[in-house]
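# Close look at the chain arrangement
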Amino acid sequence: MPLFSTSQNLLASHPKFSPTGTRTTVLKRPTFHRLKINISTFLTSLSHWTGRVWPMRSKRIFTIQELRDRGFRVLDWDGCSPHVLLDKKERIFVVLAGNPNSVEADTLLPVADYTVYEPTTPRRWAHVIRACERTMSGVLMDGKRYGVFTKDTESHRRGDFHAVACGVSFGGGQQKPMNLLQKPKYKEVLVRKLLNDPNLQTVAKFQSDSLKRYAPRIHAYQAQSLTALYHHDDDLRPNFSNSIYPAATFNLGPASVTAMHIDTANAECLLCAITSFGTYNPMHGGHLVLFDIGLAIVFPPGSTILIPSALLRHGNTQIQDGETRLSFTQYCAGGLLRWIQHGFRSQKSFRLQYGKGWLEKFRKADGCPEQRRRNGLQRFSKYFEDLSNYGPFQKLGTRTESTKIKPGSEITSSDRNTQKLRNAKSPKLHNATFDHRSLSWTPIDTLSSTSLHPMSRPPKRLKSMRSVSSLLSAASTTGIARTSYRMDATTGKTASSTSILKVPAHVQSDATSYQPPPDDSMSEFTPPDTLDEQTGDEPRVSRNRASAKERWRLHDRDMFLQEFLRWEGCTSGIAGLLRCLDCENGSELLDSQTMLSLHSRNPLHRIERWTGKFFTRISLASLGLTVQLGHPFGEKCGHPILCRPDFIIIHTNGIHSPSVSYCACENAIPYSLQLLRYGWYPSTSERPATVATMAVLRHFQMLSFESKASAFEFYNTLVRLTNNIGTNAVPDRFPAFMSMVRQYRHLKMLKRSGRGHDPAGILNTKPGECAVRCPACPQPGLNLPEDCYLYRLFLAVDANFRLKRKHRSSEKADPSLSTGWSYFVPEQEFHSRQYSPSGTDVMLLCGPKADNRSTCSNHKAVDSERSTKGLATTGVVGVDCARHDMKRPLGVGNLCQSERYGYTDFVFFRSLEQTSDIIEVVASYDIVCQWSVHIWERLSKYPWSLHKDCTKSMSFVFLIPKFHLPAHIMACQTPFSFNFNRFVGRTDGEGIERGWSHINPIASSTREMGPGNRRDTIDDHFGDWNWKKTYGMCKWFYCFSTSLLRKMKEAVPEASAHRQNLREFETKLDPQLLKQWKIELSAWELDHSKPNPYTKRFSDISETGVRKVLADNDALDLRKGLIYALHDTVSGSQLITMGLDLEEKQRQLAVEAVTLKNNATDIQQTRYQTQSTILQRKITAWIDIQHLYIPGLSLVRARDAAKSSAEETPFEIPLYLPSSCPATAQCDPRLQTMEWDLRVAQAGDSLAQLRDALRLRSYLYMDKDRFQVGQRQNTRARSLIERVDAKKDAAAKKYRTARSALQRLSGPLAKVGLDTTFPDLRDGDIKSLRDRDGFHVGGRPSEGRHEMSWIWKRLGSLEQEDDLLQDDLRIEWCKSQARADRWQEEVQLLREEMRRVPKFFRSRSRSWQKLATVGTHFGGRYEDEGTQAGRRAYALHQSEMYEAMAAHCESCWSLVDSYIAHDGNMGVVPKDVDISPEKSEESLEGSDEEDEEDDT
């Protein structure tokens, strides 16, 4: 008889399913949640026998609230109703099996070779669970009584609780599969007690049955493999005869909550069964946590869950104090399956049997890992395939119900439960959004084609139904009983019929196919809700269960391919028929006359002729079509003149050679105007050979804005659309196309800036007039009141060295079309002597001076020269508005060498020429601490137009962007910080860095351009960037659309919270100190030369200082005759000092021994040996002196020498300083006090060294990313960073050693407060203030939110605690005050910007309204009524557009004032506005990516 029952149908033999029985059971499909994951992504094992490898880093147990705070979702499950989790492929990978309805506990009723539960007995499942708890608790008590369970056995890698594992396993050094050994011997007795308990056997059977019901293919595979194993080895004993699982673990508690772990040794794609016991509250703790999918499941006692424990990291949440939790787990080791696959052999057996050829044999026996991975995935059940087509999920009992049935209709027994199907609900999932897709389920039966249609909905609930007298009592083993009812159309009587759903033979014989469990031990299934859980809409019903991509691949791909081929032929067989590739109905075949009549208005369509064998390309010109210019359509010209024979038109669908005639009548306009009025742009004014359609120019401009495609790539695309095989050469008109593109860009800029409406003409354009201005920045005359008070303009300055230009062309051969009209400053101003009061070239004034070298971090952007070989321009320097990331008019200039101050000065002050009414300017620059030192001295040498009076007309505040600030020295980090300066809000100054990421992709094409073309192209892209930002202020598609509203939504609650925190903080401070601090802070904010309240005024005493103090004390004691000295030349303090020096030498020598490689040179080995010998002699001499002060150590060292026969290396010799001295040695307290003083100073010094190393490391990374270009420079930079990392690690190790010594000394010396002053240094604490170490996954938090490591805010030594505590309280109060002020300022700034934006739009609207009424005739030679009408219409359209944008902004921000008044305790976003950042900020602002070249 087989060990495990298969698919025998035992339903008929059980009284529960008797036709005459009074009890019925309705089985339903379980509810489900579909998660947006793919379980295959967790199959990362190389062999795919065992699970994924994940090293445990800690045994921390989280609380449910901590998980909620981290974004985990919580699934509320009652522990009874079956529920499953699906991945996006609809695979069931987690089963919440629940528990049976009831269990016969006194006697188990065997039926055939299987056991079923008898529901009529009074013993319920809860009684079984409580009996299991008593048994497991009794085993735990017995084990503690007899010494089986001790404190040592309580702690293991999964948690701190007692556990027993038993059963058949293979791995962990075993030579073959065997039953786990139980030591000590009495442990075997306890295991037998657990395995023989009938209640635990019942639970084990239920776990196995759950696997069989929900994962039948996994169950069959496991049964087939283990049956072969047990037949092969008779010594193996399974734990339970009624369970498929070979191994089990009993977690005996008393608090069995596991830390996050993966059961790597378990089989990869099998399910582990877990049942929970205990007296805990499942809503407050004991959840099953699946960390990889961010889900915590409520796990009530007595319920069962199946999970892939070898794939997913899992654990439990902490239970409450006084509660108990136990659990019982069954699983299968992956090593067992591998042993079976290899023919019951191990890898070592292959080597012994086959010798040299063992590896090939082993690989052949092992099989393909990828195929094993696919097979494992296929064994997971599919919810809509495996749980819908088989009978155990239908009603299998009788039911009496009165129903009115429509004549001719037919329903099945499952259809009568439609209302239950609709009303059943899935467990509630908190804090989650899932992609649910429930499907209407019609069972497979002998139904009509209508009822079987997959798109048909379930019928309405029947109101009544005639009773049915009988039901088939049993079904054959190859079929499933089904009942259907039909009402006769003539008599109205209901007839019932029962059929058997036949299972195909190949399914019956396949060991991996679905086979329903033979009994009904499960509780009632709850069907999925037919309404979508999130929206309440009807679920989408799909004919094919596979995804759309898979369906296309399997079914539609061939059909689509055949349709592609269909286009290549013609069934008419008549040669000469034509078709158009660009018309809507391109498959229609026409004769030549019809084709010409239809395409007289579409001369650029592509035509193909059928030759009788295939289609070939022809032109409309060859058919006789000629385009007549200069006349309305259909009107003939009296004097037509054909264009040039090489005339070419560039269009979006290719390059064409049409037949075109100009008009040469008496009043004809020039040829170029005839082309323009037809919609074609000429490359030249006189008889052009190349023209481009407006459509292709507009198409390329928008394409270049969004994709940054180059003109060369776009033109080659058009060439290939024209001829993709190269047989007919296409004329090369790329230079002409580039010229037209450039002119088109320029004209669009002039048109949008209103230059076409100026009677004085284009040449009257003022500098920067064509730039798109920022609506939210203060713009005098546009969005500021006439009596404007103090308004701050925030500017950001930075250089971009990716926008290089090679030596191509010259200014004379390639001048710019709009020098100084938009963003680039006029190039000639850099080189013209007339702009300098001293008559010197302005460029020569910007070179570095000997006394201007950096006094901060080594800013190579200024101090070092960049390579200019082959380059005419090394980059650009730009000025943006710092709060809105928009380019300033005249805010971009070329760099010819390094980032010299002169270039930055000129561009910065040039961008301020049109803002003379602005009173205060905040300038942000990453090297502003050096740039601003001599700025006014340099300004005196520049053109008079750039001069600014910094004392009267305009004031300047210079700050450093937040991301760049940590790379500066400490002296720069408060005076130049955005966080600690007034009236800047939450501005970060880094916006210009995000803007570079938008423009950098065009660098590859602009570096090959001439100087004028390059400037015009970059100007055009900057204009588009600014326009998208402007357009985004009122349209959500772009990032700036609702960024002000989103920032306001965040700023108001933050401001309120920080004000509240500040008030609470101040209530705990001394009022006199608080008053003094406020005075100091206000004074410093007005004048940074005053004492800085953000800096520490007390410092720790160093180790050198402590040594000097000890030496001075020895000298004083010597004069008094009280010196503690037992040696002629070495006092007690000197002994400890020398011991610490030797300890440091030991650390250094140990590091060198590790780094010394096997292939070290003779010189390296000689140096190491010499150092070892010297250190050995010093330690020996020091030990002789130490024994005078601590005589008991001589006996200790003698015992150590007797125990160890191996010779110790010098860095392994224990020094036995007072902190590590054994108690038996009796160390003098005076020595302990001396070491305490030195260790305290040593710990403080090591933290200072650690901070210095982290600060230097932060700068080196930033320097490497920005300025180290090329393999050689990057290699050197990495080597330098590695050396700094070594210093960092040494400082951390030194601190940990000192702290460990202080901990040991704190007890004998009665010292307290050590953990506060010198906390434990973990690896996560070793991070700099702002660098790539980061703070959390989401990004770098700002000063307003971040939590810095304690190493940057340590209180100091214990002796200075009072002074340092007051010092730190002052600093923390200042920072709290600054955070509250900045958030409040941010609210004020945002509200002011929201006022400016609509006012700016309305000012622009009025300006365009005035331009519409300007004189209608400008005196142009060829100007007519059409030109005048077009000019007026464009102005009115622009006016209406700006007015609409202003109204939309006011509508979006209508609730802002109320929101501010209520401190954010109400909604601020109107219902029709979307402020989600998915399509907004990321799309335009990019990332904080640097702007330097990178060879990678």
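Residues numbered from 1 in each chain as written. Predicted model: local features only at pLDDT ≥ 70, side-chain atom pairs only at ≥ 80, totals over all residues. Heavy atoms only, no water.

We now examine the overall build of the chain. From N to C terminus, the chain includes 40 helices and 38 strands. Per-residue burial for the chain yields a buried fraction of 53% across its 1496 residues. In the chain, the proportion of contacts linking residues at least 24 apart, taken out of those at least 6 apart, comes to 76%. Counting only carbon and sulfur atoms, one obtains 52% of the accessible surface of the chain, whose full area is about 70,300 Å². (Helix = DSSP H or I, 4+ residues; strand = E, 2+ residues; numbered from the N terminus. Buried < 20%, exposed > 50% of the residue type's maximum accessible area, 1.4 Å probe, protein only. Contact = heavy atoms within 4.5 Å. Areas by Shrake-Rupley, 256 points an atom, 1.4 Å probe, with all protein chains shown as cover.)

Another aspect to go through is the packing of helix α17 (residues 694–707) against helix α18 (residues 711–722). Running from amino to carboxyl end, α17 crosses α18 at an angle of 135°, the nearest separation of the two axes being 11 Å. Between α17 and α18, the interaxial angle falls into the category oblique. Between α17 and α18 lies a crossing whose hand is right-handed. Of α18, the residues touching α17 (which contributes V696, H699, F700 and L703) are A711, F714 and L718. Classifying every residue of the contact of α17 with α18 by side-chain character gives six nonpolar, one polar and no charged. (Axes fitted to C-alpha atoms, helices over the stretch in contact; angles between N-to-C directions. Parallel < 35°, antiparallel > 145°, perpendicular 65-115°, else oblique. Left-handed = near helix turned anticlockwise from the far one by under 90°. Nonpolar A, V, L, I, M, F, W, Y, C, P; charged D, E, K, R; others polar.)

With that settled, consider the confidence of the model for the chain. Residue-level pLDDT values for the chain average 76, and 74% of them are 70 or greater. Across the chain, element-level confidence peaks in strand β31 (residues 690–693) with a mean pLDDT of 96 and bottoms out in strand β18 (residues 410–412) with 30. For residues 1–27, every residue scores under 50 in pLDDT, and the model assigns this stretch 66 contacts once sequence neighbours within four places are set aside. Between residues 389–426, whose pLDDT stays under 50, and residues either more than four places distant or in other chains, the model counts 122 contacts. (pLDDT = per-residue confidence, 0-100.)

So, about the sheet that holds strand β24 (residues 615–618). Spatial ordering of the open sheet is given by β22-β23-β24, a layout of three strands whose pairing is antiparallel. A strand with exactly one partner marks an edge of an open sheet, and here the two such strands are β22 (578–580) and β24. Here the strands of the sheet are splayed against their neighbours by 35° on average, with no regard to which way each runs. Here strand β23 (residues 607–610) runs beside β24; their pairing, made up of four bridges, is antiparallel. Each residue of the ladder has a partner; that of W610, found in β24, is F615. (Pairing = 2+ DSSP bridges.)

Core analysis: the biggest nonpolar cluster contains 94 residues, and L85, F93, F250, F277, I297 and I305 have the highest contact counts within it. In terms of residue count, the dominant contributor to this core is helix α2 (residues 125–145) (seven residues). When near neighbours in sequence (up to four residues on either side) are disregarded, F277 contacts I129, C132, E133, M136, L200, V203, P301, T324, R325, L326, S327 and F328. Counting 69 residues, the second-largest nonpolar core is a separate cluster that includes C774, L782, Y925 and F956. (Core = buried A, V, L, I, M, F, W, Y, C linked by side-chain atoms within 4.5 Å.)

Right, let's talk about the sheet that holds strand β30 (residues 680–682) for a bit. The pairing of strands in a sheet happens through backbone hydrogen bonds and is either parallel or antiparallel. Read across the open sheet, the four strands follow the order β28-β27-β31-β30; overall the sheet is mixed. Every other strand in the sheet has two partners, leaving β28 (654–656) and β30 as the edge strands with one partner each. On average, each strand axis in the sheet is tilted by 25° relative to the strand beside it, whichever way the strands run. Those strands touched by α18 are β27 (648–651) and β28, and its axis lies near 65° from that of β28. The strands that helix α19 (residues 734–752) touches are β27, β30 and β31; relative to β30, the one it contacts most, it runs at about 110°.

Two side chains of opposite charge can pair, provided their charged atoms sit close to one another. Across all of its chains, the model carries 53 salt bridges by this definition. With its nearest N and O atoms 2.9 Å apart, the salt bridge here joins D160 to K59. Taken as a pair, D160 in strand β8 (residues 159–160) and K59 in the loop between β1 (31–34) and α1 (64–69) lie far apart in primary sequence, 101 residues in all. The closest approach of N and O atoms between D885 and R994, which form a salt bridge, is 3.7 Å. With D885 in the loop between β35 (875–881) and β36 (886–895) and R994 in helix α25 (residues 991–999), this residue pair connects regions lying 109 residues apart in the sequence. Among the residues examined, R994 registers a relative accessible area of 12% and is labelled buried. Ionic contacts of the salt-bridge type, sharing partners, join the residues E1143, E1144, R1147, E1235 and R1239 into one network. (Salt bridge = Lys/Arg side-chain N within 4 Å of Asp/Glu carboxyl O.)

The next point concerns the environment of G1010. Inspection of the secondary structure assignment puts G1010 in the loop between α26 (1003–1006) and α27 (1011–1031). Residues in contact with G1010, not counting those within four places in the same chain, are R805, R808, S809 and D814.

Across its 21 residues, α27 extends 30 Å between first and last C-alpha, which sits within 8% of the 30 Å expected from 1.5 Å per residue. In terms of residue burial, α27 counts as a mostly covered element, since 19 of its 21 residues are buried. (Expected span 1.5 Å × (residues − 1).)

This next bit is on unusual backbone geometry. A cis amide bond links G253 to the next residue, P254, at an omega of 10°. Along the chain, the position of P254 falls in the loop between β11 (247–253) and β12 (272–278). At K708, a residue that is not glycine, the phi angle is positive and equals roughly 60°. Summarising the element assignment, K708 is placed in the loop between α17 and α18. Take K708: its relative accessible area is 12%, and that puts it in the buried class. One non-glycine residue, S809, lies in the positive phi region at around 60°. Looking at the element boundaries, S809 is found in the loop between β33 (805–806) and α20 (828–831). We classify S809 as exposed; its relative accessible area is 52%.

Right, let's talk about the packing of aromatic side chains for a bit. Summed over all chains, the structure comprises 35 aromatic pairs. Linked through ring pairs, F908, F909, Y925, W931, W936, F956 and F958 together constitute an aromatic cluster. Over the aromatic face of F615 sits the side chain of R579, whose NZ or CZ is 3.7 Å from the ring centroid. (Phe/Tyr/Trp six-rings, centres within 6.5 Å; stacked < 30°, edge-to-face > 60°. Lys NZ or Arg CZ within 6 Å of the ring centre and 35° of its normal.)

Bringing a nonpolar patch on the surface into the picture now. Judged by side-chain polarity, W552, M559 and F560 come together as a nonpolar surface patch covering roughly 310 Å² of accessible area. Mapped onto the elements of the fold, F560 is located in helix α14 (residues 548–566). (Patch = residues over 30% accessible without salt bridge, like charges linked within 9 Å, V, L, I, M, F, W, Y side chains within 5 Å.)

This part covers the packing of helix α5 (residues 198–214) against helix α6 (residues 216–232). Where α5 meets α6, the axes come as close as 5 Å, and the angle between the chain directions of the two elements is 120°. Accordingly, the angle class assigned to the pair α5 and α6 is oblique. On the side of α5, the interface is formed by S208, L211, K212, R213 and Y214, while α6 contributes P216, I218, H219 and Q222. Considering only residue class, the contact of α5 with α6 consists of four nonpolar, three polar and two charged.

Take H757: it is sitting in the loop between α19 and β32 (792–800). In this structure H757 comes out as buried when scored by relative accessible area, which is 5%. Side-chain polar atoms of H757 contact the backbone oxygen of R1431, separated by 2.7 Å. (Polar contact = N/O pair within 3.5 Å; in protein donor to acceptor, adjacent residues only side chain to side chain.)

Below, the discussion takes up the environment of P1222. Along the chain, P1222 falls in the loop between α33 (1192–1203) and α34 (1229–1267). Along the primary structure P1222 and V1196 are separated by 26 residues, whereas in three dimensions their C-alpha atoms are 8.1 Å apart. With near-sequence residues (within four places) excluded, P1222 lies in contact with L1193, V1196 and Y1216.

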